Amino acid sequence: MNLKKKLSIFTALAVLQAFAVGSVNAQSASQDDTASVNTAKVESVEVLKKEQPIAESEVKTGSSNASSSTPSTKGKETGTLTGTEATPKTDIEKPAIDAGETTTNETSTKPVNQEETPEDVETPSTPAQIEQPSVDGNSAVAAGGDLTLYMNSNKMEQDGKTYLAGQPMTVKNGVSYVAIRALVDRVGYGVKYDNKTKETIIISGDNELRFKTNSTVYTVNGESRTMKGPAYQQKNTFMVPLTSITQALNITYKVNQSAKTVVLNLNTKPIASFVISQKEIFAGDKVDYVTSSSSPNGLDILDERWTGRQESFDQAGTYTVSYQVQDSNGQWSDPYSMTIQVLSPNLPPVAMFTTDKEQYKMGEKITYIDQSTDDENSIEKTVWENNSLAFFEPGPKTVTLTVTDNHGATDTYSKVITITNETLYSFSDFNLLFTPVGQKFTFNGGEVTSMEKVPYTYTDEPSLLIRSNSPETVNTEGIVYKESSSGQTRFMIHHVNNTGKRVKMYVIATNNNPNPAVFEQQNMGFAGPTPYATVAGKLSIDKWFKSIQTRADQKKEYLQPGESKLILTELNKTPMKEGQVISLYSDAYSDYSLDYNVILVEENKDPFEALPLLPVLDRDGVHNRGTYPNATRIIKYDEHVGIKPARLPLGDNSSDPNLVGTDPMAYTDASNAGNFGVLYKITLTNVAPRTLISFNPRGGKYSGVALVNNQVVSIAEGNVAVSNSSEQSVLYRTGAYGESVTILFSAAPGSNLPVNLLFTPLPSEK
């Protein structure tokens, strides 16, 4: 064919193409809701700038509309079919919307034009036809409603109008493709073409997306991302995977399989919200509104308006406040509303108390009746000054009460009572009679040593005590204790972190038997980390006794042969800072002998990996460690106690000998000084009527608890310790009849031994 003929054919093709395009646009333009038709030049090629709305009745399913607006390419025989012909039925039934959707069969379901790439089809060197972006990058502003795409069709619907894309939404190798220009026009984003890089660019606010033909890589603000399929051109229409745009621009969508539609949520309204910084708002207080606003399209927020807002509300009640913002396109957000409960102004509490009398004798018990009130019934703190149970000097006494509500408001009230010159009870008798259980009083501690000892004897219950308490202050990572045990075992662990690092303590159990083993945790008393050793010791005993009562901490671990597991895991829940103390008491049982390692390592280290590399730490030469059998002592005394003053010594290594055991790491014998970790079960079957049972320390400061007739009793209440041998803390008083009293006791870590239980006859009441 000569050059003239070739030019004639191409000229004819151009005429046919213009005619076909013009026909479609003429048809669309006849509708009332037709968008304007614009043209733009890209590298001297005249192209249509927007897709056109048409009437619903004029839309044909499949790609018939697209094919009518796109001429066949005759420069090369490609076998290209229309959308209906090229897309088998299975594509309609199995759309692929995301990377993980149904993948169509490559031989039976892919469109015939799947193989048409720009290399296979004679197309202009620049993208052309309906989706081609304009040179200036301006795009139509979407109406803002949801956009409905029809699977395997070029039909689109938005705000009651129907539009045609240049090519139908197509499934190709399991990925759903859409005509990019038609989509972004409806979404309302800017679009342009970079002639240098051959990239189609989508602009949404500050976001920029770049796509290139035949590439699976696109960029979002310069960051490369990978699509599930490459972008391609089909009949001069640029096609991209739908999810590449929806994911990059955070567009949500819903798939309706029965209707064969994909609905994109294109809400472009700005978003407004606000919070109020105050937790509670009182009438007359200034209200602090903190606003927040944004635009899905990245537009500037130019205006705002409020409904119901007040800088302060004069009256209590319920108010509704709404907030809206406007973007640079003139769109207002939906109102964001909040219901505000305005409270009456807080009134401070009113402190008030009375006494049962206005005048008292020396040593006469005073009853204080707290009558404080608060408008919200929210008094959180009560502080008394000089509210002694009795006074032992005559004259006026001022007693003061201060109360604080949950808003921090306070009030104070003082009352003066008169103490006469008469005496009702002596200081000693009054304390014996009226000091509450759990509280302490002073006395002549030198009298204790002259009291008769209760001549008790004891028996043992088999329980192996593992006492890990030396080095008490740990200066470096290492193994602080290691031992093997089977059957009934008690753990007592008490250590201070002095490594200069945040550390954790662990107990690792290893089953080196050929058989599976079970470890049963029966109870747990753990306290810390805390800077105060006496606090940790008292609290661990308190929790241990409560766990014995409730049995709430029982759990089992099963260990296979050769397996290691963490046990007593309360110990390692919280890291220990420098100078902090932990304290643990727990009883356990194992059916086979298990190897135990108590270790201290930096908080982020794996204890199992660290264990083989850790050194065994030496004793500190002051505190005790060791393995001691028979760690539960049973004391049952059937003779009378309380008829005359008497004492029952514990932890004195005389009446109550120290447990004898071994230090398995130093290979030496060990003596459990103070018998820490020993559980005493004391039953006094014949306590005389009107007997005071109290606790008296003999070795120094003591802070702990005891379980008396199954009730936890503090020694002494709060953070108060029994400071010295001239103080005693009340445990129990018998009534008008003799009683049997049971006491469970174990020495609290951080405290001092020995101690005495005192039995004192009560004076007569007046």
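Everything below is about the structure shown above.
Just so it is clear, the model here is predicted, and its values are computed rather than measured.

About the criteria used
Residues numbered from 1 in each chain as written. Predicted model: local features only at pLDDT ≥ 70, side-chain atom pairs only at ≥ 80, totals over all residues. Heavy atoms only, no water. Pairing = 2+ DSSP bridges. Helix = DSSP H or I, 4+ residues; strand = E, 2+ residues; numbered from the N terminus. Axes fitted to C-alpha atoms, helices over the stretch in contact; angles between N-to-C directions. Contact = heavy atoms within 4.5 Å. Phe/Tyr/Trp six-rings, centres within 6.5 Å; stacked < 30°, edge-to-face > 60°. Buried < 20%, exposed > 50% of the residue type's maximum accessible area, 1.4 Å probe, protein only. Lys NZ or Arg CZ within 6 Å of the ring centre and 35° of its normal. Salt bridge = Lys/Arg side-chain N within 4 Å of Asp/Glu carboxyl O. Core = buried A, V, L, I, M, F, W, Y, C linked by side-chain atoms within 4.5 Å.

## Examining the sheet that holds strand β52 (residues 739-745)
Alright, step 1. If you walk across this open sheet you meet the 6 strands as β32-β43-β47-β52-β49-β50, and the pairing is mixed. For this open sheet the edge positions go to β32 (458-461) and β50 (711-715), each flanked by a neighbour on one side alone. Looking at each pair of strands side by side, their axes are set apart by 25° on average, direction ignored.
Alright, step 2. Alignment of strand β43 (residues 632-637) against strand β47 (residues 679-687), held across 6 bridges, turns out to be parallel. Within β47, the position partnered with I634 by the bridge is K681.
Alright, step 3. Contacting β47, β49 (704-708), β50 and β52, helix α8 (residues 533-550) crosses the sheet at an angle of about 20° to β49.

## With respect to the packing of aromatic side chains
Each aromatic ring pair is characterised by the separation of its centres together with the angle its planes make.
Alright, step 1. On inspection of all chains with the given rule, the structure shows 26 aromatic pairs.
Alright, step 2. With a centroid separation of 5.9 Å and an interplanar angle of 75°, the aromatic rings of F392 and F430 are classed as edge-to-face. One end of the pair, F392, is in the loop between β27 (379-385) and β28 (395-405); the other, F430, is in helix α7 (residues 427-434), with 38 residues separating them in the sequence.
Alright, step 3. Classification of F392 by relative accessible area gives partly exposed; the value is 28%.
Alright, step 4. Here the aromatic rings of W544 and F545 are separated by 5.6 Å at their centres, their planes lie at 15°, and the arrangement is stacked. Of the two residues examined, W544 and F545, each falls in the buried class.
Alright, step 5. A connected cluster of aromatic rings, assembled from ring pairs, spans F274, Y289, W306, Y323 and Y336.
Alright, step 6. The ring of W306 has R309 sitting right over it, with the charged end atom 4.5 Å from the ring centre.
Alright, step 7. Lying across the ring of Y458, R633 places its NZ or CZ 4.3 Å from the centre.

## Details of the sheet that holds strand β30 (residues 440-442)
Alright, step 1. Spatial ordering of the open sheet is given by β30-β51-β48-β53-β44-β31, a layout of 6 strands whose pairing is mixed. On the outer flanks of this sheet lie β30 and β31 (452-453), each paired with one strand and no other.
Alright, step 2. Taken together, the 4 bridges between strand β48 (residues 691-697) and strand β51 (residues 727-733) define a ladder with antiparallel strand orientation. Paired with I693 across the two strands is Y732, which belongs to β51.

## Focus on the pattern of salt bridges
Alright, step 1. Applying the stated criterion across every chain yields a total of 23 salt bridges.
Alright, step 2. The salt bridge partner of R633 is D656, with a shortest N-O separation of 2.4 Å. Within this pair, whereas R633 is found in strand β43, its partner D656 is found in the loop between β44 (646-650) and β45 (659-663), the two being separated by 23 residues in sequence. Summarising the burial analysis for this pair, R633 and D656 share the class buried.
Alright, step 3. The partner of E765 in a salt bridge is R690, with the nearest N and O atoms 3.6 Å apart.

## Structural notes on the nonpolar core
Generally speaking, a soluble globular protein has its nonpolar side chains buried in company with each other.
Alright, step 1. Counting 47 residues, the largest nonpolar core has L648, L650, I682, Y702 and L731 as the members making the most contacts within it.
Alright, step 2. Of all the elements, β47 adds the most residues to this core, at 5 residues.
Alright, step 3. Those residues in contact with I682, other than ones at most four positions away along the chain, are I635, L648, L650, V741, T742, I743 and L757.
Alright, step 4. Counting 37 residues, the second-largest nonpolar core is a separate cluster that includes A165, M227, V240 and I251.

## Considering the pairing of strand β11 (residues 207-212)
Alright, step 1. Of the strand pairs in this sheet, strand β10 (residues 199-204) and β11 are connected by 6 bridges, and their pairing is antiparallel. Bridging from a neighbouring strand, S204 pairs with N207 of β11.
Alright, step 2. Note: β11 against strand β12 (residues 217-220), 2 bridges, orientation antiparallel. Along β12, the bridge assignment pairs L209 with V220.
Alright, step 3. What sits between β11 and β12 in their antiparallel hairpin is a turn of 4 residues, with N214 showing a positive phi close to 65°.

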